[in-house]
Amino acid sequence: MARRRLDCALNPKPARVPVPRSIWVLVAAAFVIAIGYGLIAPVLPAYAASFNVGVTAATVIISAFAFFRLIFAPASGKLVSKLGERPVYLIGLFIVAVSTGACAFADSYWQLLVFRSLGGIGSTMFTVSAMGLLVRLADPGARGRISGLYASAFLIGNMFGPVLGGVLSEFLGMRVPFAIYAVALLVAMAVVWTMLRDAHPSGGAQGGSEQPPMRLREALGNSAYRAALGSSFANGWASFGVRVAVVPLFVVALGGSGLLVGIAMAVFAVGNTIALIPAGRLADQRGRRPLVIAGLAVAGMGTIWLGFVADNITLLLACLVAGAGTGLLNAPQQASVADIIGSHRRGGPVLATFQMVSDVGAIIGPILAGLLVEHLSYRAAFAFTGIILLLALLPWLRAQETLPKSAVEDERVG
């Protein structure tokens, strides 16, 4: 005991790394972007249908945005490597702002389709560049916590945005949310342009000067990056695909109302939010790998459980568990990719590929899950999705830990 006290006196535990102002600027911008996206989310299908088109054409508007995000992601990664994160981030925000504002004045379905598709290009530009900024501005020992803060801003914004959007469209019309979102994006753009002008990469544990950009081939040689691609695909499949497309239909099939659908989706988001920040802190203390493994396991089992629920209470509990599993996964997974790139390298193609596999999962997941529902059952669809998550866990069992050893040792001192 005396020796331990002496060690503590000689090597006091360092204060927790503070979150720099530049990161708070990105977090605030993420909240504005998310709440604005939420403003138009409940309005967009009905707005498209108002041009006298069918349900399929109305849903194409939503798919077009995701499709253009996917196909333009590689180009966004290359732009980040050549121009830098901040310019690409600002250009991306500007494109989304202009295209969204144009949606408010669309005179036909085809105009709306073109404007919304252009928004997908801008969206992938600022998404990839924002990830790059987080990598370069965050201290290595705080990447998990910062990833949790950033993701929480998006989640909270997405929780409040649809409510505001529904109210605005009800009283002011369906075009107003698009105009408000466009203005909000221009404000976010001005704030980022002003306050990140002098932002510099974190010295962290890496030190040194700017290094050449990381190539995708180099990242693929890292077992943790390969594992992250697998878990990103599974997370896109389950969280951004099946949860959004299949869970609402499942709730209705159980006899639930539209209100219960909204509650179930909100409970998933609550579970996600509750787990995100603690998971990020633990990932900075104990490593990324254990939290990713735990998150995939919890999300997988929670998703499988969904197929066996028979009452509303159990349904909400299963949504809470699946959401918490996703929260445990997201921040450590993103922090691991950030560790691989490092603060003094740009990794546009590496980050773009990481985003793309999630988008691919979000596109494929609902289609295959829908086929399983039609030909087998909801239980089979949820079981298959849960198995995808559990299979994504396997590469992480052999993946290397990416948290810098110095950060782990600092946490254990004292």
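Residues numbered from 1 in each chain as written. Predicted model: local features only at pLDDT ≥ 70, side-chain atom pairs only at ≥ 80, totals over all residues. Heavy atoms only, no water.

Participant: What is the right way to look at the packing of aromatic side chains in this model?
Facilitator: The geometry of an aromatic ring pair is captured by two quantities: the separation of the ring centres and the angle between the planes. For the structure shown, the criterion picks out five aromatic pairs. Taking 5.8 Å as the distance between ring centres and 65° as the angle between the ring planes, the aromatic pair formed by Phe-233 and Trp-237 counts as edge-to-face. Of this pair, Phe-233 and Trp-237 are both found in helix 10 (residues 223-245), four residues apart, which corresponds to roughly one turn of the helix. Overall, Phe-233 belongs to the partly exposed group, its relative accessible area being 25%. Centre to centre, the rings of Trp-237 and Phe-384 are 5.9 Å apart; their planes meet at 55°, and the pair counts as tilted. Placement of Trp-237 in helix 10 and of Phe-384 in helix 16 (residues 378-398) is noted, with a sequence separation of 147 residues between them. With relative accessibility at 4%, the residue Trp-237 sits in the buried group. (Phe/Tyr/Trp six-rings, centres within 6.5 Å; stacked < 30°, edge-to-face > 60°. Helix = DSSP H or I, 4+ residues; strand = E, 2+ residues; numbered from the N terminus. Buried < 20%, exposed > 50% of the residue type's maximum accessible area, 1.4 Å probe, protein only.)

Participant: How should I be thinking about helix 8 (residues 176-195) in this particular structure?
Facilitator: Because an α-helix packs 3.6 residues into every turn, residues spaced three or four apart end up facing the same way. Helix length check: helix 8 (20 residues) gives 29 Å between terminal C-alpha atoms against 28 Å at 1.5 Å per residue, within 8%. Three or more residues of helix 8 are buried, namely Pro-177, Phe-178, Tyr-181, Ala-182, Leu-185, Ala-188 and Val-192. Buried residues of helix 8 fall within an arc of 135° about the axis and therefore sit on the same side. (Expected span 1.5 Å × (residues − 1). Arc of directions from axis to C-beta.)

Participant: I'm lost on the confidence of the model for the chain in this one. Help?
Facilitator: Of all residues in the chain, 79% attain a pLDDT of 70 or more, and the chain-wide mean is 77. Counting interchain partners and residues more than four positions distant, the pLDDT-below-50 stretch residues 1-15 has eight contacts. Note on residues 203-208: pLDDT under 50 across the span, and 13 contacts to partners over four residues away in sequence or across chains. (pLDDT = per-residue confidence, 0-100. Contact = heavy atoms within 4.5 Å.)

Participant: Before we go on, may I ask you to explain the nonpolar core in this structure?
Facilitator: Generally speaking, a soluble globular protein has its nonpolar side chains buried in company with each other. Counting residues in each nonpolar core, the largest one holds 55 residues, and the members touching the most others are Tyr-225, Leu-296, Leu-315 and Trp-396. Per element, the largest residue contribution to this core is nine residues, and it comes from helix 10. Once residues lying within four places of it in the same chain are set aside, the contact partners of Trp-396 are Ala-224, Ala-227, Ala-228, Ser-231, Arg-289, Val-292, Ile-293, Leu-296 and Ser-336. Listed in part, the 41 residues of the second largest apolar core include Tyr-47, Ala-104, Leu-133 and Leu-185. (Core = buried A, V, L, I, M, F, W, Y, C linked by side-chain atoms within 4.5 Å.)

Participant: Help me understand helix 14 (residues 312-341) in this model?
Facilitator: The end-to-end C-alpha distance of helix 14, which contains 30 residues, comes to 44 Å, matching closely the 44 Å that a straight helix rising 1.5 Å per residue would cover. The opening residue of helix 14 is Asp-311, an N-cap whose side-chain oxygen sits 3.2 Å from the backbone nitrogen of Ile-313. Phi turns positive, to about 90°, at Gly-342, one or two residues after helix 14. (Polar contact = N/O pair within 3.5 Å; in protein donor to acceptor, adjacent residues only side chain to side chain.)

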